[in-house]
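A structural walkthrough
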Amino acid sequence: MHHQEWQHAIAEQIAALEPPGTWDLVHIPAHVRPITCKWIYKFKTCSNGSLEYYKARLVARSFQQEHGPDYDETFAPVAHM
C-alpha cells in the first residue's frame with residue numbers, strides 16, 4: 001500500500017469538507033451515542049487501466065441514526081437542481 005498517496009487523498013477530502021462547514025466539533029453529552037464514520041478507499045483508473053489517482057471518502061454510518069434527533073440536518077456534496 002502507498003501510504004503517502006492515501007494520506008494525501010485523506011487530506012484532500014478533509015480540506016474539501018472544511019470550507020462549507022460540513023461539521024462542527026462539539027462536546028458530546030454522556031447520554032448521547034454519536035454516529036460513527038469510516039474511510040472508504042478507491043483507486044481511480046484511466047480508460048486504459050492505468051492508475052489515475054487515489055480517492056478517499058469519509059462516510060457516516062447512517063444505520064446508527066435514530067428517528068427524530070438524527071434527521072434534522074443533511075449534507076450532500078452535490079448540487080440539486
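Scroll up a little and you will see the structure.
We now turn to the structure provided with this report. Owing to the predicted nature of the structure, the values given are computational and were not obtained by experimental measurement.

It is worth spelling out the environment of Ile 35 at this point. Here Ile 35 is to be found in the loop between helix H1 (3-17) and strand E1 (37-45). Considered as a pair, Ile 35 and Arg 61 are 26 residues apart in the sequence and their alpha carbons are 6.5 Å apart.

Before going further, it helps to spend a moment on the environment of Lys 55. Topologically, Lys 55 is positioned in strand E2 (residues 51-60). Looking at Lys 55, the relative accessible area reads 28%, which means it is partly exposed. Residues Lys 55 and Ala 9, 46 residues apart in the sequence, show an inter-C-alpha distance of 5.5 Å.

Right, let's get into the pairing of E2. With 9 bridges joining them, E1 and E2 adopt antiparallel strand pairing. The residue bridging Tyr 41 from the neighbouring strand is Ala 56, located in E2.

What follows concerns the packing of aromatic side chains. Scanning all chains against the criterion turns up 4 aromatic pairs. Here the aromatic rings of Trp 6 and Phe 43 are separated by 5.3 Å at their centres, their planes lie at 55 degrees, and the arrangement is tilted. Taken as a pair, Trp 6 in helix H1 and Phe 43 in strand E1 lie far apart in primary sequence, 37 residues in all. A relative accessible area of 52% means that Phe 43 is categorised as exposed. Seen in terms of ring centroids, Trp 6 and Tyr 54 are 4.7 Å apart; in terms of plane orientation they differ by 80 degrees. Their pairing is edge-to-face. With Trp 6 in helix H1 and Tyr 54 in strand E2, the pair connects residues that are 48 residues apart, well separated along the chain. A relative accessible area of 7% places Trp 6 in the buried class. Here the aromatic residues Trp 6, Tyr 41, Phe 43 and Tyr 54 are joined through ring pairs into a cluster of three or more.

Rules behind the numbers
- Residues numbered from 1 in each chain as written.
- Predicted model: local features only at pLDDT ≥ 70, side-chain atom pairs only at ≥ 80, totals over all residues.
- Heavy atoms only, no water.
- Helix = DSSP H or I, 4+ residues; strand = E, 2+ residues; numbered from the N terminus.
- Buried < 20%, exposed > 50% of the residue type's maximum accessible area, 1.4 Å probe, protein only.
- Pairing = 2+ DSSP bridges.
- Phe/Tyr/Trp six-rings, centres within 6.5 Å; stacked < 30°, edge-to-face > 60°.

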